Amino acid sequence: MWPFWTEEYTTYSPRTVHNQTFDYIVVGGGTGGCVVASRLSENANVRVLLIESGPIVDTWLSRVPLLSVDFRAASSPTYKWNSASDDLYPSGEHLVAGKVMGGTSKVNAHVYTQAVPGEYNGWAAAGRKGWDWNTVQPFLRRSETSLTHINEKHRGSSGPWHNRKLPEVHFKFSDEILDAANSLGIPRVEDIHDPSIAPYSAACLDVTVDEYGNRVSTFDSFLPLRLVNARRNLYICPNTVVCRLDVQPCSGGVLKAVGAYIKSDPKTTNAEECYVSSHHEIVLCAGAIATPQILMLSGIGPREHLQSLHVEVVKDLPGVGLNLQDHACIPLSYKVPRADTLQSLETSKLLAAWEILKYVLFGRGLLLAPNPQVAIFAVSRLLQDDSRTVQSAEGADSHLPSNIPDIEIAPMPFNAFDHSKLDKADGVTTVCCMHLKPKSAGTVRLLSPDALDRPACDLRYLTHKEDYIVFRKMVRLGLELGRKCREQGYPLRDLRVPRSEGDEDLDNFIRQNIRTTFHYSCTCRMAPLEEQGVVDDELKVHGIQGLRIADASIFPVIPSAHPQAPVVMVAERCADFIRAERRRAGV
């Protein structure tokens, strides 16, 4: 826990790699990009260039779990901008994405969830060959070391990315809401990743925190300092913007991605454009917002949109930037004793000092606390009018695509959204009710041909009327959990909840309080062209050789999980596809 570091990463600037050729170029050093770059550079005979728009942040504070999740803070290494305005957000919703090596895995709530087997079996049933549960599960295991579920066959034990369940539940309300869920037919389980349990469950969550109490991003795990400095075939360019890809026609009119135009972030140095080329492939791992932006800047995307901005059309690919999905959240706010919230740290300097000391000396205490630490997963079609879950053998099979949980209830021990003035004795717990399988979808579009301009993101929440059905059930479940906690004796008082549970009052509350959870996905879907797809089942961009995508943008539909573990699985598969192609080619 001791806050001292001595070594530094070996890095390169755009100028030092200008006009160089690499076997592989990985664009985006985020959650997926660090995995792809690490796996490809295991072969000492290939040169790998990893380009990231943000810096390397390897400070002590960036490894303290609680202190590193304040991603809205001015000092956080993130992009912050407003979504396109609409009826729900006349001024736009505040969007955030990681801008740092490790990407969003460096600044998120470090929750580790894989999604149930039915999620991936649903992908396969929709035609995504090789993406069923039995095929993807080995890649989920490959990347992780579970420090808690050590002897479980469904969990990894030798991967570079460590996760664990924390030894203590830090807040009494977290225990109370798990008991409340159990009384409503949602059982408390040890491991939500056990493929033999029902898809509805309540549990303490695994978090990407190592045995020493450090949060571990994919950068920390897959590209640790000594590994990077020992691999002479791996070149990392932080603080580097990709302006556009170089896509050229080859024999027979085939298009191939052969390079990228890059420049230093103008906030860090003079920004002259440089060029790097790829001998084999370029892999886009810039995330569900930046990946479609880079494609469109390169002339790959919807023809009419590109022409409206005078971007030369290289490949008309209508699906680029469509189908933007997110796990929209409806927060319920309750007054609780301040001692049972993180606000206790704000009002007691002595407590704050003690918690810092506990963390530094023993790697324990509130500074380990994730937000959330516990969660409840439910299947809306199995919820009765009283919010109890119907028990049946068919409904308990988590391998069926019809049994994917579409609701997550997660208590946050702080005032996440409501800013009402409180008495000194009061704290706030926010019960976040998340829709995991929305049908509404938005868009990502360029605002200009300048790579430094953030794109226009229209979230388009609630544009599919069927989403209201799940949102109503979800909020009713959240309210019933609150009532059960009161019946159990917990002192919970309403702060911001719907006026009633009638459809009209619920719908008004939903529209007024809907928020992003920053889980942006699906903007370059893995699907056929006729289904607005952008990549095929091996993550190759349709119609362009030498170009793949490995990030949250390729999800066919948004998974019923916090996205970082599924993204790492996709990245592991991408590296495996590339290595298999090298073997077939005899290189």
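Heads up: the structure comes first, above all this text.
Procedures and definitions
Residues numbered from 1 in each chain as written. Predicted model: local features only at pLDDT ≥ 70, side-chain atom pairs only at ≥ 80, totals over all residues. Heavy atoms only, no water. Helix = DSSP H or I, 4+ residues; strand = E, 2+ residues; numbered from the N terminus. Rg over C-alpha atoms; globule rule 2.2 N^0.38 Å. Contact = heavy atoms within 4.5 Å. Areas by Shrake-Rupley, 256 points an atom, 1.4 Å probe, with all protein chains shown as cover. Lys, Arg positive; Asp, Glu negative; His and termini not counted. Charge placed at Lys NZ, Arg CZ, Asp CG, Glu CD. Buried < 20%, exposed > 50% of the residue type's maximum accessible area, 1.4 Å probe, protein only. Pairing = 2+ DSSP bridges. Core = buried A, V, L, I, M, F, W, Y, C linked by side-chain atoms within 4.5 Å. Phe/Tyr/Trp six-rings, centres within 6.5 Å; stacked < 30°, edge-to-face > 60°. Lys NZ or Arg CZ within 6 Å of the ring centre and 35° of its normal. Salt bridge = Lys/Arg side-chain N within 4 Å of Asp/Glu carboxyl O. Polar contact = N/O pair within 3.5 Å; in protein donor to acceptor, adjacent residues only side chain to side chain. Right-handed = clockwise from strand over helix to strand, strands pointing away. 1 Å grid on protein atoms, 1.4 Å probe; cavity = no way out; pocket = protein on both sides within 12 Å on 5 of 7 lines; lining within 4 Å. Points joined across faces, edges and corners; volume = space filled by probe spheres on them. Nonpolar A, V, L, I, M, F, W, Y, C, P; charged D, E, K, R; others polar. Axes fitted to C-alpha atoms, helices over the stretch in contact; angles between N-to-C directions. Parallel < 35°, antiparallel > 145°, perpendicular 65-115°, else oblique. Left-handed = near helix turned anticlockwise from the far one by under 90°.

1. As for the overall build of the protein chain
Along the backbone of the protein chain there are 14 helices and 24 strands. For the protein chain, whose C-alpha radius of gyration is 23 Å, the value lies close to the compact-globule estimate of 25 Å for 587 residues. Restricting to contacts in the protein chain with at least 6 residues of sequence separation, those with at least 24 account for 72%. Roughly 22,600 Å² of accessible area belongs to the protein chain as shown, and the carbon and sulfur atoms make up 50% of that amount. Distance between charge centres in the protein chain, computed from 62 positive and 68 negative side chains, equals 3 Å.

2. Re unusual backbone geometry
Non-glycine residue Arg460 carries a positive phi angle of around 50 degrees. Relative to the helices and strands, Arg460 is located in the loop between β21 (456–458) and α12 (466–487). In this structure Arg460 comes out as partly exposed when scored by relative accessible area, which is 36%.

3. Structural notes on the pairing of strand β16 (residues 329–337)
Burial of β16 is extensive: seven of the nine residues sit out of reach of the surface. Strand direction decides the pairing type here: β16 and strand β22 (residues 493–496), joined by three bridges, are antiparallel. Residue pairing across strands places Lys335 opposite Arg493, the latter belonging to β22.

4. Considerations on the nonpolar core
Ile409 and Leu547 are the most contacted members of the largest nonpolar core, which totals 143 residues. By residue number, the principal contributor to this core is helix α14 (residues 564–585), which donates 10 residues.

5. Some points on the packing of aromatic side chains
Here the structure, examined in full by the defined rule, presents 12 aromatic pairs. Three or more aromatic residues link up through ring pairs in this structure, and these residues are Tyr120, Trp123, Trp131, Trp133, Phe555 and Phe577. When the ring centre of Tyr261 is taken as origin, the NZ or CZ atom of Arg244, which lies over that ring, is 4.1 Å away. Directly above the ring of Trp131 sits Arg573, whose terminal nitrogen or CZ lies 4.6 Å from the centroid.

6. Describing the side chain of Asp210
Within the secondary structure, Asp210 is located in the loop between β9 (206–207) and α6 (218–222). For the buried Asp210, no salt bridge exists, and the shortest N-O distance to an oppositely charged side chain is 5.4 Å, to Arg63. At a separation of 2.9 Å, a polar atom in the side chain of Asp210 contacts the main-chain amide nitrogen of Tyr212.

7. As for the environment of Leu49
Tracing the backbone shows Leu49 in strand β2 (residues 48–51). If near-sequence neighbours (up to four positions away) are discounted, Leu49 is found in contact with Val17, Phe22, Tyr24, Ile25, Val26, Tyr235, Cys237 and Val276.

8. Some details on the environment of Gln391
Following the sequence through the fold, Gln391 ends up in the loop between β17 (374–378) and β18 (407–412). It is 9.2 Å that separates the C-alpha atoms of Gln391 and Ile186, two residues lying 205 residues apart in sequence. If sequence neighbours within four positions are ignored, Gln391 has contacts with Gly185 and Tyr200.

9. A look at the pairing of strand β1 (residues 21–27)
Of all the seven residues making up β1, six are buried; the element is thus mostly covered by neighbouring parts of the structure. Sheet analysis places β1 next to strand β13 (residues 274–284), joined by six bridges and oriented parallel. For Val27, the partnering residue across the bridge sits in β13 and is Leu284. Once the chain exits β1 it traverses helix α2 (residues 33–40) before rejoining the sheet at β2, and the crossover so formed is right-handed.

10. Describing the pattern of salt bridges
In this structure the tally under the stated criterion is 37 salt bridges. A salt bridge links Glu272 to Arg15; the nearest nitrogen and oxygen atoms lie 3.5 Å apart. One end of the pair, Glu272, is in the loop between β12 (255–264) and β13; the other, Arg15, is in helix α1 (residues 14–17), and 257 residues separate them in sequence. Looking at Glu272, the relative accessible area reads 43%, which means it is partly exposed. Residues joined by salt bridges that share partners form a network here, namely Arg39, Glu42, Arg142, Glu572, Asp576 and Arg579.

11. Description of empty space enclosed by the protein
Taken as a whole and judged by the stated rule, the model has two cavities of 30 Å³ or more. In this model, the largest cavity occupies a volume close to 180 Å³. Looking at the lining of the largest cavity residue by residue, the class counts come to 11 nonpolar, six polar and one charged. Approximately 70 Å³ is the volume attributed to the second largest cavity. Forming the boundary of the second largest cavity are Leu324, Gln325, Asp326, Ala328, Pro438, Ser440, Leu459, Tyr461, Leu462, Asp467 and Phe471.

12. A look at the packing of α2 against α14
In a packed pair of helices, the relevant descriptors are the angle between the two axes and the axis-to-axis distance. Here α2 crosses α14 at 30 degrees, and the two axes come no closer than 8 Å. In terms of orientation, α2 and α14 fall into the roughly parallel class. Crossing of α2 against α14: the hand is right-handed. Contact with α2, carried on its side by Val35, Val36, Arg39 and Leu40, involves Val568, Ala571, Glu572, Ala575, Ile578 and Arg579 of α14 and no other residues of that element.

Shape descriptors only; they carry no functional weight alone.
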